[in-house]
Amino acid sequence: MAVRHTREEVVNSMPRTGFFGHPRGLITLMLTEFWERFSYYGMKAILIFYLYYSVSKGGFGLEEGFALQIVSIYGALIYMSGIIGGWIADRLIGTRHSITIGAALIMIGHILLSLPNNFTLLLIALLFIILGTGLLKPNISSTVGELYHKNDSRVDAAFTLFVMSINLGAFLAPLIVGSLQTNIGFHAGFLAAAIGMFFSLIAFIIMSKRTLGLAGLDVPNPITHDERKKTGIYLLGVALLFALYFIYLSWRGQLDLQHFANMITFLGIVLPAVYFGMMIMSKKTSSVEKSRVTAYIPLFLASVMFWMIQEQGSTVLANFSDKKTQLDLNVLTNGAINFHIPAAWFQSLNPLFIVTLAPLFSILWTKLGERNPSTVVKFAIALVLAGLSFMIMIMPLQSGVQLINPLWLVLSFLLVTLAELCLSPTGLSTTTKLAPEAFTAQMMSIWFLSNTMAQGLNAQLVNVYTAVSPVRYFGIFGGIAIGLGILLFFVSPLIKKLMHGIH
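Residues numbered from 1 in each chain as written. Predicted model: local features only at pLDDT ≥ 70, side-chain atom pairs only at ≥ 80, totals over all residues. Heavy atoms only, no water.

K.L.:
Honestly, the packing of aromatic side chains in this entry has me stumped. Any pointers?
P.N.:
Two aromatic rings, taken as a pair, are described by how far apart their centres are and by the angle between their planes. Under the counting rule described, the total for this entry stands at 29 aromatic pairs. Centre to centre, the rings of F276 and Y296 are 6.1 Å apart; their planes meet at 50°, and the pair counts as tilted. Of the two residues, F276 is situated in helix α8 (residues 257-281) and Y296 in helix α9 (residues 287-310); the sequence distance between them amounts to 20 residues. The pair formed by F276 and Y296 is uniform in burial state, with each residue classed as buried. (Phe/Tyr/Trp six-rings, centres within 6.5 Å; stacked < 30°, edge-to-face > 60°. Helix = DSSP H or I, 4+ residues; strand = E, 2+ residues; numbered from the N terminus. Buried < 20%, exposed > 50% of the residue type's maximum accessible area, 1.4 Å probe, protein only.)

Next comes the structure, spelled out in C-alpha cells:
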C-alpha cells in the first residue's frame, strides 16, 4: 500500500522561501490557472456568437434560443465532469497527475476548435474540453488547499489571490479573442485560446517539481483490488442505463436538445444529493465531519442561486449585449468617437472588476481579523448583491428605448462581481476546510457541482427568457436571490454551530 503523507509533511516538503508570505507553490498554481482560464473564457466569450451568427459571418446560423441552451448545457457538463476528475484524483492518480492530463486534453479541444470544422467536430472539441476541465479544475483548487494547514489564517487570502489569477486570464481573453474574432474570424480567436492552454501545460510541468513538494502526489483514498471490479461493473451499468435512455428517446422520436437538457438538469440536481448522502453515511467520515458536511448544504444551495445569475453573463447577458445594447460609440458620443464595441468585450467586465478589487478584499478580510464576517454572512451578502445585479436591469428597460446604454451592463456586472468576491474565494476556502479527509478532492467537485446545478437549471430558464419580457425575467429571479440572501442571514447562527469551529 502506498504511504500517505500527513498535512504537516506535505506543507514542510515545500521550499521555505515564500511568495508574498505564501508558499512558492501558490504562484505555480496561479500561473497554470491563469493560462487555463485565458483559454476557457476566451473560447466561451465567442462560443454563443459562433453558434447563432449566420454562416456568412462565420457561424453556424442556429436559432438563438437553441444556441443559448447549448452553451448552458456545455457549462453544466464542464462542472459536472469535475465529479469524474475528483474521483480519479482521490482514488487513482492524485491531483497533480490529474492536472497535467486535464491540461493536455483541453489543449487538444481548443486546437480542434481552431480548425475549420463542421458541427460534429465542434461537439467533439467541446467533449475534449469538458473532460480536461473535469480533471484540472477541481484538482488544482484542491492542491491550493494542500499548501496550508487546516486552520491557517492565510487560506482565505491565498484563495483570493488564486481567484485573482483566474480572473486576470479571464479579463484578457475576451479582449484578445473577441478582437481576433471581429477582425479576422472565429477560428483565429479559438487558436489564441489553444495557445493559452499550451502555456498553461508547460508552466505546470516545469514549475511543479520545484515548488509543490509532495502536494498533489498522494492518492487520498486509493481504490482497492476488490473495489476496482465493483467499480467496473457499476460504470458498465451506468453506461447501459444511458444507452437504454437514448434508445428509448430515439424510439419515441424525442432524441433532441430539449430532452438532453432535461437529463442534464436532472443529473445536476441528483448528483449533489447523492454525493452529500454518500459522505454523511460513509464510515470514513467522523461525526464532526458529518456535522460540517451538513452545514455545507445550505451554503451549496446559496451558491447554486448565485451561479444561476452569474453564469447568465455568458448567455442571457451576452445575447442582451449583442442584440439590445448600443455598441456604436459614434451614436453615444454624437460622432466624437467612431468605434464599434465587440459584444465579446463585455465578458471582460467581471474579471476586470475582480482583478481590481480582489486585492482590496484580501486585505480587508485579513485586517478585520476576528471581526471578519462569517462564511454564512458573506454568502448572504453575495445573494443580495447578485439579486440587485438583475434588478438594476429593469430601470433602462422601462424607459422603452430600443438599445440601452452599455453603462447599465457595466453596473450589472459590477454588482455581481462584488457578490462573487464575497462568495467564490470564501466558498473555495470553506470547501477545503469542511471537507472530510477521505473526500478532499471530491468535496471540491461538489463545490463545482453547484455551478453544474445552476447551469442545468439555466438550460431550462433560457426558455423562460425567450417567452417573457426581460423586465419580468430580471425582476423575478433578482427578487428570489435577494429573498434567499435575507433568509440565509437569519439562519446563520445554526449553520455556524454545525461547522464545529471552522469559520
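K.L.:
Quick question: what am I supposed to make of the layout of surface pockets here?
P.N.:
Rolled over the atoms, a probe sized like a water molecule indicates the empty space that remains. Taken as a whole, the largest pocket encloses approximately 2200 Å³ of empty space. Around the largest pocket, the lining is made up of 49 residues, and of these M80, I84, V238, F242 and L271 lie nearest the centre. When residues of the lining of the largest pocket are traced back to their parent elements, those giving at least two are α3 (64-114), α4 (119-146), α7 (225-252) and α8. Across the lining of the largest pocket, the residue classes tally to 38 nonpolar, six polar and five charged. Looking at which domains feed residues into the lining of the largest pocket, each of domain 1 (10-222) and domain 2 (257-502) supplies at least three. (1 Å grid on protein atoms, 1.4 Å probe; cavity = no way out; pocket = protein on both sides within 12 Å on 5 of 7 lines; lining within 4 Å. Points joined across faces, edges and corners; volume = space filled by probe spheres on them. Nonpolar A, V, L, I, M, F, W, Y, C, P; charged D, E, K, R; others polar. Domains from an automatic or database assignment.)

K.L.:
Explain a nonpolar patch on the surface to me, please; I cannot follow it from the model alone.
P.N.:
A cluster of nonpolar residues, I476, I480, L484, I486, L487, F489, F490 and V491, forms a patch on the protein surface that exposes about 730 Å² of accessible area. You can see L484 is positioned in helix α17 (residues 470-490). (Patch = residues over 30% accessible without salt bridge, like charges linked within 9 Å, V, L, I, M, F, W, Y side chains within 5 Å. Areas by Shrake-Rupley, 256 points an atom, 1.4 Å probe, with all protein chains shown as cover. Salt bridge = Lys/Arg side-chain N within 4 Å of Asp/Glu carboxyl O.)

K.L.:
Would you take a moment to explain the side chain of S492 for this structure?
P.N.:
For S492, the location among the structural elements is in helix α18 (residues 492-498). A polar contact of 2.8 Å, which involves the side chain of S492, links it to the backbone oxygen of F489. The residues touching S492, leaving out its near neighbours within four places in the chain, are V376 and V377. (Polar contact = N/O pair within 3.5 Å; in protein donor to acceptor, adjacent residues only side chain to side chain. Contact = heavy atoms within 4.5 Å.)

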